[in-house]
Every structure is written in structure tokens, then in C-alpha cells.
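# Fold and geometry: a report
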Amino acid sequence: MRERMHVRIVPMNADHLDEVAELERICFSTPWSRNMLAEELDNALSAFLVALDDDGRVVGYAGLQVVLDEGYITNVAVRPECRRNGIAAKLLQVFLDFAQANRLSFLTLEVRASNYGAIALYGERGFRSVGRRKNYYEHPKEDAIIMTKEFIHGTADANAGAVGNDLRN
């Protein structure tokens, strides 16, 4: 088994925008633009994280929007050459800890039906398939699987972490 890549998870800031926009272009057929990503930095309902390697290069990122007690994971991306190193899992864990600490009712996301690796990762973290959006994705046209993890508060959860109220600080 190969050694896992060491990364630091930090809040995304303006210095990361060029690399995150590049990552969007590499990973998604309909990428978010740099301007769209920049707008999210000023959105009080959004929190974006980046995974930095030892050289400070962005190797992954993830976005979350919180509305009332609901969490919507908008993006999860990892550089192709850095995949299968636990980077997406680390990004996802920060959001899971945040959801627990802030008593969110659920986290939800959409994933391409053919993205078996991501579906497996989310399943391992307690997300379950709750629906399908027909032809949700373009280039190529494909269904999205809606995956959700619900949180029951008032019971002990070994995965709950002490995350602050704001992922951006």
C-alpha cells in the first residue's frame, strides 16, 4: 500500500482562486468560472476549503452552502494525479464535523451516476442515495445521484469534532 499524500486543509481565499479555477476546468465538463468562485468568497452562506500539498499547491477543494440547518455540498474536486490519497475524504470530514458541531439536519450533494469512486466514498461516510435527477449533467449528458447524510442530534457520535461555528476562520 502506498503512503498517503500529506495535505493541509485550510479555508479558501483569493490567493487560491487561480488554482481552484484551473482545478474546476480539469475536473468538470461544466466548470465554475473564476468569477463564480470569487463570488462565493463573499457569500456568507458558503464555505470553501482547499487542500494544500507540502509546496502550498492546491491539490483539492470542496464547497459547502448552509441554509438554515441544511448543508449542500456544491463541489468536491481533487487533481487527477493526486486522487486515491484520501484528500477528498479529508475535505469531506471537515464538512461532516462542521455539520455535527452546528447541528445541521443533513448534508446533501449530487454526483454523476458513473462516478463510482465518489459514490463509494460518500457511502463510506454515511451518505445514502435518496433520488436521481435525470439528465442533470451535460457533456456528457448523465443522471445525478442525490446522496444525503442525515444527522440525529442528542446522541453521541464518535466522528463529531470540535469545529468552530465558521469554517472560514
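About the cut-offs
- By convention here, each chain's residues receive numbers from 1 onward along its written sequence.
- Given that the model is predicted, a residue must reach a pLDDT of at least 70 before its local features are reported, and side-chain atom pairs must reach 80 or more before they are shown or counted; all residues, however, enter totals for whole chains, interfaces and linings.
- As a rule here, side-chain values cover all heavy atoms of the structure and leave hydrogens and water aside.
- Basic side-chain nitrogens of Lys or Arg form a salt bridge, by our definition, when they fall within 4 Å of a carboxyl oxygen of Asp or Glu.
- Secondary structure elements are defined from DSSP: runs of H or I of at least 4 residues count as helices, runs of E of at least 2 residues count as strands, and each element is numbered from the N terminus.
- Two strands make a pair as long as DSSP finds a minimum of two bridges between them.
- The handedness rule is simple: strands pointing away from the viewer, and a clockwise path from the first strand over the helix to the second, make the crossover right-handed.
- Inter-axis angles, ranging from 0 to 180 degrees, are taken between N-to-C directions of lines fitted to C-alpha atoms, where helices are fitted over the stretch in contact.
- Note on definitions: a residue-residue contact is assigned when non-hydrogen atoms from the two residues lie within 4.5 Å.

## Here we look at the pattern of salt bridges
- Going through the model one piece at a time under the given rule, you end up with 11 salt bridges.
- The residue Asp 18 makes a salt bridge to Arg 34 at a minimum N-O spacing of 2.6 Å. Linking Asp 18 in helix H1 (residues 17–27) with Arg 34 in helix H2 (residues 34–41), this pair joins segments that are 16 residues apart in sequence.
- Across the salt bridge formed by Arg 132 and Asp 143, the nearest N and O atoms sit 2.9 Å from each other. Here the residue Arg 132 occupies a position in strand S6 (residues 128–137), and Asp 143 occupies one in strand S7 (residues 142–150), the gap between them amounting to 11 residues.

## A short note on the pairing of strand S4 (residues 70–78)
- Bridge count between strand S3 (residues 58–67) and S4: 8 bridges; the pairing is antiparallel. Directly across from Leu 64, in S4, lies its bridge partner Ile 73.
- Counting the residues between successive antiparallel strands, the hairpin from S3 to S4 contains 2 residues, one of them, Leu 68, with a positive phi of roughly 55°.
- By the bridge criterion, 3 bridges tie S4 to strand S5 (residues 106–112) in an arrangement that is parallel. The residue of S5 that forms the bridge with Gly 71 is Leu 107.
- Taken together, S4, helix H3 (residues 87–101) and S5 constitute a β-α-β crossover, and its handedness is right-handed.

## Observations regarding the sheet that holds strand S2 (residues 46–52)
- Pairing within the open sheet is mixed, and its 7 strands lie in the order S1-S2-S3-S4-S5-S7-S6. Of all the strands in the sheet, the pair left with one neighbour each is strand S1 (8–11) and S6. Between one strand axis and the next, the sheet turns through 25° on average, direction left out of account.
- Along the sheet face, H1 touches S2, S3 and S4 and points at about 95° away from the line of S3.
- Across the sheet, helix H4 (residues 116–124) is in contact with S4, S5 and S7; its angle to S5 comes to roughly 165°.

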